[in-house]
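Okay, here's what each chain looks like letter by letter:
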Amino acid sequence: GPYSFYVHYYRDTWEAQLYSYKGSGFAENTDMEVDKNGTKLHDYIVNQAKDQYLSYLLICKKFEEFGLTLSEEEKTAINDSFQKNYIDAYGEERIAEMCNTIGITQEEFKEILSVTYKQEKLIDYYFGEGGSMEVPESELLSKYEESYARFKYLVFYTKDTSGNSYTLEQQNAVYAKAQEAY
């Protein structure tokens, strides 16, 4: 089902990256350490898939629990995305084969694609206007004004247009001129 989908998705993503950057695939790199904790690639992919699957389950459960629904426009967008990004890109036969391999139907595949839309609806349910955790716009504006940091930066070159380095004296003169403009 969906868990298998996520395992295949992350494995295939890593496979493509490995070939792109190392010239070798997943099978040759399962023992590769992928983070500072020494996590092996295989374990990392399993953990990514578990995390994504748990998110999927939670989103679907809460979406149903709160009686939320997708609009016809959102359902159409999901179907269009499936058609364009999967059927048109890989072909009906290849997608059917993939779905069969990981044990999902094309409708279940679309259900997985719907999670993004469901997540947006849940965020609106909680934090949007009238939501149980609504954040008033005035509070958002206040936080923005309080926390927003403005900065300027200066770019000045240490080489002339011919690529010759400026002397320290020339660099200091350029820096002084940039400071004046600031």
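Counting restarts for each chain, with residues numbered from 1 along the sequence as it is written. Given that the model is predicted, a residue must reach a pLDDT of at least 70 before its local features are reported, and side-chain atom pairs must reach 80 or more before they are shown or counted; all residues, however, enter totals for whole chains, interfaces and linings. The side-chain numbers reported here are obtained from all heavy atoms of the structure, hydrogens and water having been left aside.

I'd love a proper account of the pattern of salt bridges, names of residues and values included.
We define a salt bridge as a side-chain nitrogen of Lys or Arg found within 4 Å of a carboxyl oxygen belonging to Asp or Glu. Under the definition given, this model contains seven salt bridges. Lys75 serves as the salt-bridge partner of Glu72, at 3.5 Å between the closest nitrogen and oxygen. Of the two residues, Glu72 and Lys75 both sit in helix H3 (residues 72-90), three residues apart, roughly one turn of that helix. To sort residues, take the accessible area from a 1.4 Å probe on protein chains only and compare it with the maximum for the residue type: under 20% means buried, over 50% means exposed, and anything in between is partly exposed. Residue Glu72 is classed as exposed on the basis of its relative accessible area, which comes to 56%. Using a relative accessible area of 37% as the deciding quantity, one classes Lys75 as partly exposed. A salt bridge links Glu111 to Lys118; the nearest nitrogen and oxygen atoms lie 2.3 Å apart. Given the relative accessible area of 8%, Lys118 is considered buried. Where helices and strands are cited, they refer to DSSP runs of H or I of at least four residues and of E of at least two residues respectively, numbered from the N terminus.

Describe the packing of aromatic side chains, listing the residues and the values that go with them.
When two rings of Phe, Tyr or Trp (its six-membered ring) have centres within 6.5 Å they constitute a pair, described as stacked for plane angles under 30 degrees, edge-to-face for angles over 60, and tilted for the intermediate range. Following the criterion strictly, the structure yields 15 aromatic pairs and no others. Between Tyr9 and Tyr10, the aromatic rings sit 5.1 Å apart at their centres with planes inclined by 80°, giving edge-to-face as the arrangement. The exposure class assigned to Tyr10 is buried, which follows from its relative accessible area of 14%. Taken together, a centroid distance of 5.1 Å and an interplanar angle of 65° make the contact between Phe82 and Phe109 edge-to-face. With Phe82 in helix H3 and Phe109 in helix H5 (residues 106-113), this residue pair connects regions lying 27 residues apart in the sequence. Across this residue pair, the class does not change: Phe82 and Phe109 are buried. In textbook terms, an aromatic cluster arises when at least three aromatic residues are bridged by ring pairs, as seen for Tyr3, Phe5, Tyr6, Tyr9, Tyr10, Tyr53, Tyr56, Phe82, Tyr86 and Phe109.

Can you tell me about the confidence of the model for the chain, naming the residues and giving the values?
Confidence of the predictor in every single residue is expressed as pLDDT, which spans 0 to 100. Per-residue confidence for the chain gives a mean pLDDT of 87, with 96% of residues at or over 70. Of all helices and strands in the chain, the one with the weakest mean pLDDT is helix H8 (residues 168-181) (81), whereas H3 scores best (96).

Pulling in residues and values, what's your account of the nonpolar core?
With 26 residues, the main nonpolar core has Phe5, Tyr6, Tyr56, Phe82, Ile104, Phe109 and Ile112 as its most contacted residues. At the level of secondary structure, the elements contributing two or more residues to this core comprise helix H1 (2-22), helix H2 (41-65), H3, helix H4 (92-102), H5 and helix H6 (115-127). Element by element, the count of residues in this core is highest for H2, at seven residues. What Ile112 contacts, discounting residues up to four positions off in sequence, is Pro2, Phe5, Tyr6, Tyr56 and Ile104. Among buried residues, the Ala, Val, Leu, Ile, Met, Phe, Trp, Tyr and Cys ones that are joined through side-chain atoms within 4.5 Å form a nonpolar core. For this analysis, residues touch if any pair of their heavy atoms sits within 4.5 Å.

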